[in-house]
Amino acid sequence: TSTTLEKTMTNTGGILSLPNETLHSIFAVLAQIVFVDEHLSTAIALSHVCRTFRLVVLHCPDLWTCLKGKHGCIGLTAVEACIERSKDRPLDVAFTLHPHSTLGQDFLPSTMAGDEVVQTILSTNIRWRSCTIYLRKKDASGCDTTNKLVPFHFQTISSGVNAPILEDLSIL
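First things first, this report covers the structure right here in the doc. Quantities reported herein were computed from a predicted structural model and do not represent experimental measurements.

What counts as what
- Residues numbered from 1 in each chain as written.
- Predicted model: local features only at pLDDT ≥ 70, side-chain atom pairs only at ≥ 80, totals over all residues.
- Heavy atoms only, no water.
- Helix = DSSP H or I, 4+ residues; strand = E, 2+ residues; numbered from the N terminus.
- Pairing = 2+ DSSP bridges.
- Phe/Tyr/Trp six-rings, centres within 6.5 Å; stacked < 30°, edge-to-face > 60°.
- Buried < 20%, exposed > 50% of the residue type's maximum accessible area, 1.4 Å probe, protein only.
- Lys NZ or Arg CZ within 6 Å of the ring centre and 35° of its normal.

What about unusual backbone geometry?
Apart from glycine, the bulk of residues carry a negative phi angle, and the bulk of peptide bonds sit in the trans form.
Working step 1: The phi dihedral of Lys 87 falls on the positive side, at around 55°, and the residue is not glycine.
Working step 2: Tracing the sequence through the fold places Lys 87 in the loop between α5 (76–85) and β2 (91–97).

Looking at the sheet that holds strand β1 (residues 66–67)
Working step 1: Here we have 4 strands laid out as an open sheet, ordered β1-β2-β3-β4, and parallel in their pairing. Single-partner strands in this sheet number two, and they are β1 and β4 (168–171).
Working step 2: Bridge count between β2 and strand β3 (residues 128–135): 7 bridges; the pairing is parallel. Opposite Phe 95, over in β3, you have Ile 133 as the bridge partner.

Observations regarding the packing of aromatic side chains
Working step 1: Here the structure, examined in full by the defined rule, presents 2 aromatic pairs.
Working step 2: A ring pair is formed by Phe 27 and Phe 53, whose centres lie 5.2 Å apart and whose planes are at 75°; its orientation type is edge-to-face. In this pair, Phe 27 sits in helix α2 (residues 20–33) while Phe 53 sits in helix α4 (residues 51–58), placing the two residues 26 residues apart along the sequence.
Working step 3: A residue is classified by how much of its surface remains accessible, and Phe 27, at 3% relative accessible area, is buried.
Working step 4: Classification of Phe 53 by relative accessible area gives buried; the value is 7%.
Working step 5: On the basis of an interplanar angle of 45° and a centroid distance of 6.2 Å, the ring pair of Phe 95 and Trp 128 is categorised as tilted. Here the residue Phe 95 occupies a position in strand β2, and Trp 128 occupies one in strand β3, the gap between them amounting to 33 residues. Grouping residues by exposure puts Phe 95 and Trp 128 together as buried.
Working step 6: Geometry around Trp 64 places Arg 85 over its ring, the cationic atom sitting 4.7 Å from the centre.

Digging into the environment of Ile 15
Working step 1: Structurally, Ile 15 is set in the loop between α1 (2–11) and α2.
Working step 2: In sequence terms Ile 15 and Phe 53 are 38 residues apart; their C-alpha atoms lie 9.9 Å from each other.

In C-alpha cells, the structure reads:
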C-alpha cells in the first residue's frame, strides 16, 4: 500500500526523509529539465506517488504552467487547475478554434471562441509564453471550413489579447 511505501521511503533515509522545501526545489529543477509539453503529465504522475509528493507538487507552480497535453488540448477542469496552481508563472497554452455554426450560416468570431476552455485560456493571455492554436478544418457535417475559418482566427483571438511575453505562436 502507499503508506507502507511511504514508511519504507522515509525509514530508509530515502527521498521522503528530505524536507518538503528540498523536494520542492528538486521538482522545480525537474520542471526546467522536462519538455514543456510534459509538465502536466509529470505533475500528475508525481502527485500520484504518495501524499507527501502530492502536497509538494500541488505547491510547485513551475510544474503547472502548461495548459496543453502531450497530444493537444486539455479539458476545462485541468485548465482551471493549472491556472490556479501555476500562480503568476508564464503559461504555455493550446486550444482549438472550430466553427460552432450550422451549415449555411456565417462563421462568426464570437461563435468560434465561444467554448469555455478557449474563453478561460484567452483570459490568461497576459501570461502566455507560447500559444498553439489548432484550427478544426471540418465542421460537424464533414464539410471543409478552412477557407471560412482562417480569415477569422486572428481576429477571434487578437480582440483584446495582450500577450507581452509571448515568444512562440503556432497555428496548426
